[in-house]
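Residue-level structure breakdown
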Amino acid sequence: MNDSLILATAVRITRPVLFLFAVVLFLKGHNAPGGGFIAGLVTAVAVLLGLFVHGHGNRKTGRPTFLYVVAAGLGLALLTALAPTLLGWPFFTHSFGFINLPLLGSIELASAALFDLGVYVVVVGNVVTVLYALTERR
Amino acid sequence: MPAVFLAAALPFVVSPVLLLFRRPDRRAGLLSAAACAGAFACFVSVALGASPATVALPWIEPLGLSFSLNADPLALFFALLITGVGFLVAAFATSYLDSNENFPRFFSFLMLFTGSMLGVVLSSNLMALFVFWEMTSFSSFLLIGFWHHRDRSRYGALKALVVTGSGGLAMLLGFVMVGTVCGSFEIAVLAERGALLAASPWATPAALLIIAGVVTKSAQLPFHLWLPSAMEAPTPVSAFLHAATMVKAGLFLVARLGPLLSVVPLWTPTLSLFGLLTMTWCGWLALRQKDLKALLAFSTVSQLGLILVLLAPAEPDTTAAGLLHLLNHACFKGALFLLVGVLEHELHTRDLSLMGPLRRNMPFTWLLIALAALSMAGVPPMGGFVSKELFLDHLLDGHPLLALLAVAGAVLTAAYCFALAAGLAAGRRPDGPRGQDPSPSLLLPPALLVAATVGLGFFPDQLVGTPMAAATLAATGSSVTGHFAVWHGVGPSLWASAFAISVGAALWWGWWQKRVPPAPTLLADRVYDYALEQLETRARRLTASYMSGILWRYCSVILLTVIVGVAVVVASQGFVMHDGWSSRHAGPWDLAVCATAILAALATLRARTRLAAILALGASGFSLALLFALSAAPDLALTQIMVETISVPLFLAVFAFLPPYQVDRVRRARPLHALLAVAAGLGTALLLAASRSQRVAEPISSYFVDKSVDAAGGHNVVNVILVDFRGLDTLGEITVLGVAAIACYAIIKLLSEKEAGR
């Protein structure tokens, strides 16, 4: 799309930071500001920066690849919500626990985080689908 | 695991598994047949008392809903019929379908249907029954449209879905009325509460609505239109769904709910009238068909009418006769459909007038067709004779006009049966296509069905006397007085039978053979087509009237709705605002940020170019984010920042699609727009402030804050609410996101293709 050297360099540096920021936002989400939705938006921005610099590259256009991402996210969220019913608990029962790891200390594992991951994936998929579709028109 | 549950669940388990097979894999058919056989064996074990007949599967108990199964003798009778015929049809279809057909899909749909149909007959709860009822309509839609590249298939599939689906919805309304009046949806409980229903003014409407469900599903006049169109389905489907099982769902419901609903005076006469008229009129239509499948379709409708007449009174003797004829019909009609499938397969035509002499070319096929047709005609000593005698017995006691209709129906039935059997024997085209008898794998399933209907003629009581008596007891609550026999002694019904057969033969010989009148277009068909076309054009016109595609109109409508909503609330409740609507006082920073937001909004309005407008709008949005941050809402602030950030590339991408930026075009409407915007903004702000200042209940937020760590293990309340406390809402929202992505993608692709096509 654009051959700007400055933009390309800036994106090369900022993109990993953005991805990392998204990961932090996601992991922190349960206890500090952040969460799947925001992390999803940050990731989408990172993906889009790449789009600005490299265009669609040699990606096969015309295929709704990212719709599958949306479907996967929805499926993950739905499965997390359905899983407790297999154990006889009501729909959407979340559980959480803590495990102790060496070096890292106490880490929380929550099924809600899996659901949040579904939200994250859907948000990324949605934004990228729409923007890719809009931009690959020409 | 109880055998009933196992048998009912088996088809639903097998259905998705089948999709894993490769396309031309015939083993998909064998697996389906095995599933049917397994379910059949389970039902036999239940029938023999080796396994409990009821399984409790609670669903939503506070609403009185359950998926409990109750395999009483009536349900077992149907379940055995479904799985038995299902087995034969699956076995037949396995060798019948061409090797390039999509086997996994076909058999997956077939199993889906089998499971739904078993659900209909086994459910002990009306709502569960309704769910399965609609699922049979849906799977029938899929199966009729199996050859979806054909226009007629899609037309027939849609028609079947529209007719049976709308009847099903009417029935749901009836179920809700019955359930509300009687205080339960459990069929066993309902059966004891007939008195409650009889005393209620809702009884008649409820009965009429349920009748609507019955007559649409069982294709009674004037809803018979969907069955002939459904003949576009592959022949095994026609044999299974549209002769042996699905169209019997309506009859099953009549037998099941008869004791409850026959307290409504209208119930029995209405159903009997539907049945008699359908039997006679569609017998007449069947006689005029040249297409063998159409002939069988109309004949099926006619026979369903006959059974409906027998089941409508909910008395033990007629019910037993009705169930016997139902079984007979499933056997001979199922066999006939399969055999017509064989003919089509061998001769590549279904036209009766193009057939060669079958007795010489395909002797076994013809023999089976002839035997099945004779049973349908009610010729002794076939099974059809036994049940038709009982039918004539029942009606000759009644009103003379009804008796006349019944005999006329029997005459017409005999006539088209002779036309079928004898017409095929000689063939109208000696030089017609010459086929030969197919392999035993294709002849065996129909042969077994024919053997069943012949056997039912010779030993009706020995074969099915006991189970029929049990089913009748379960359906009506009282025992049968008589028993089945092929010889009833000389009486009015025997004379009527003899009359019907001889006049039918004469009608065929003297009139039909000379000239087959052309098949008429159904009046019901024309009404349906017209109604559907009108619905479509009118819906399009209505949508076009408010979907102008002009953005400011949409915005005006939305804002007006807000204003009217606020105005209604204020007018009815009065506007009261106490102190303390704000949780904190605005500091200098807040004011500065608000001022920036307002200035940016004004700048958006004044912008001469689109890019300037977008940038100004972004400034306004970022100011808002700052305000959120100042108000100790970091999650909101972060989200707002991200949304604003993504809006920029979004706008950039959309730029190419947009027409030139014309601020002046709507200048005249500007004062009005300003008024709307100010009123909506001010109204919303005041409403929020007012509602915050007068709490009528404790805010729920404190509960969330308290429980967040203990119950959900998270310190970020916003996130905990999103993924845990209000997780279902979020699931709904991300579903909307997904749908929006698909819609955006589709619209953009459509636009590009449109432009590329130009």
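Definitions and limits used
- Residues numbered from 1 in each chain as written.
- Chains lettered and ligands numbered in written order.
- Predicted model: local features only at pLDDT ≥ 70, side-chain atom pairs only at ≥ 80, totals over all residues.
- Helix = DSSP H or I, 4+ residues; strand = E, 2+ residues; numbered from the N terminus.
- Contact = placed C-beta atoms within 7 Å.
- Buried ≥ 20, exposed ≤ 12 C-beta atoms within 10 Å, placed from the backbone.
- Axes fitted to C-alpha atoms, helices over the stretch in contact; angles between N-to-C directions.
- Parallel < 35°, antiparallel > 145°, perpendicular 65-115°, else oblique.
- Nonpolar A, V, L, I, M, F, W, Y, C, P; charged D, E, K, R; others polar.
- Domains from an automatic or database assignment.
- Left-handed = near helix turned anticlockwise from the far one by under 90°.

Section: the overall build of chain B
When you go through chain B residue by residue, the secondary structure sums to 31 helices and 4 strands. In terms of its C-alpha atoms, chain B occupies a principal-axis envelope of roughly 105 × 65 × 50 Å. Sequence separation of 24 or more characterises 79% of the internal contacts of chain B that already satisfy a separation of 6 or more.

What about the overall build of chain A?
Scanning chain A from N- to C-terminus turns up 4 helices and 2 strands. Its helices and strands taken in sequence order, chain A reads α-α-α-β-β-α from the N to the C terminus. Taking all 138 residues of chain A together, the buried fraction comes to 37%. For chain A, the proportion of contacts with a sequence separation of at least 24, taken over those separated by at least 6, is 67%.

Things to note about the packing of helix 20 (residues 440-458) of chain B against helix 21 (residues 460-476) of chain B
All names here are of chain B. Where helix 20 meets helix 21, the axes come as close as 6 Å, and the angle between the chain directions of the two elements is 95°. It follows from the interaxial angle that helix 20 and helix 21 lie roughly perpendicular. From helix 20, Gly-455, Leu-456 and Gly-457 reach across to helix 21, where they touch Pro-460, Leu-463 and Val-464. Among the residues forming the contact of helix 20 with helix 21, the class breakdown is 4 nonpolar, 2 polar and no charged.

As for the domain arrangement of chain B
According to the domain assignment, chain B consists of domain 1 (1-124), domain 2 (160-527), domain 3 (565-696) and domain 4 (701-758). Measuring from the centre of the C-alpha atoms in domain 2 of chain B to the corresponding centre in domain 4 of chain B gives 52 Å.

Some words on the interface of chain B and chain A
Taken residue by residue, the interface counts 38 residues in chain B and 43 residues in chain A. Of all the secondary-structure elements, those providing two or more residues to the side of chain B that touches chain A are helix 27 (634-655), helix 30 (717-725) and helix 31 (727-757) of chain B. Ranked by residues supplied to the side of chain B that touches chain A, first place goes to helix 31 of chain B with 16 residues. Its residues assigned to classes, the side of chain B that touches chain A shows 23 nonpolar, 12 polar and 3 charged.

Some points on unusual backbone geometry
All names here are of chain B. Omega for the bond connecting Leu-221 with Pro-222 falls within 30 degrees of zero, at -5°, which places this linkage in the cis form. In this fold, Pro-222 is placed in the loop between helix 9 (203-217) and helix 10 (226-229). Backbone torsion omega between Pro-380 and Pro-381 reads 5°, so that peptide bond is classified as cis. One non-glycine residue, Ala-314, lies in positive phi territory at about 55°. Residue position: Ala-314 is located in the loop between helix 14 (292-311) and helix 15 (316-347). By C-beta crowding, Ala-314 is classed as buried, having 24 other C-beta atoms within 10 Å. Residues other than glycine seldom take positive phi values, yet Ala-632 does so here, at roughly 60°. Relative to the helices and strands, Ala-632 is located in the loop between helix 26 (610-630) and helix 27. We classify Ala-632 as exposed; it has 10 C-beta atoms within 10 Å.

Section: the environment of Ala-498 of chain B
All names here are of chain B. Along the chain, Ala-498 turns up in helix 22 (residues 492-512). Overall, Ala-498 belongs to the exposed group, with 12 C-beta atoms counted inside 10 Å. Considering only alpha carbons, one finds Ala-498 and Val-379, 119 residues apart in sequence, at a separation of 8.7 Å.

Details of the environment of Val-301 of chain B
Residue and element names in this part refer to chain B. Structurally, the position occupied by Val-301 is in helix 14. The spatial distance from the C-alpha of Val-301 to the C-alpha of Thr-280 is 9.9 Å, given a sequence separation of 21 residues. If near-sequence neighbours (up to four positions away) are discounted, Val-301 is found in contact with Ala-219, His-224, Leu-227, Thr-278 and Cys-282.

What to know about the packing of helix 19 (residues 400-426) of chain B against helix 22 of chain B
Between two packed helices, both the angle of their axes relative to each other and the distance between the axes serve to describe the pair. Residues and elements named next belong to chain B. Relative orientation of the contacting elements helix 19 and helix 22 amounts to 50°, with a least axis distance of 7 Å. Judged on the interaxial angle alone, helix 22 and helix 19 are oblique. The hand of the helix 19/helix 22 crossing is right-handed. Across from Val-407, Ala-410, Val-411, Ala-414, Ala-415, Phe-418 and Ala-419 in helix 19, the residues of helix 22 making contact are Ala-496, Phe-499, Ala-500, Ile-501, Val-503, Gly-504, Ala-505, Leu-507, Trp-508 and Trp-512. Split by residue class, the contact of helix 19 with helix 22 holds 16 nonpolar, 1 polar and no charged.

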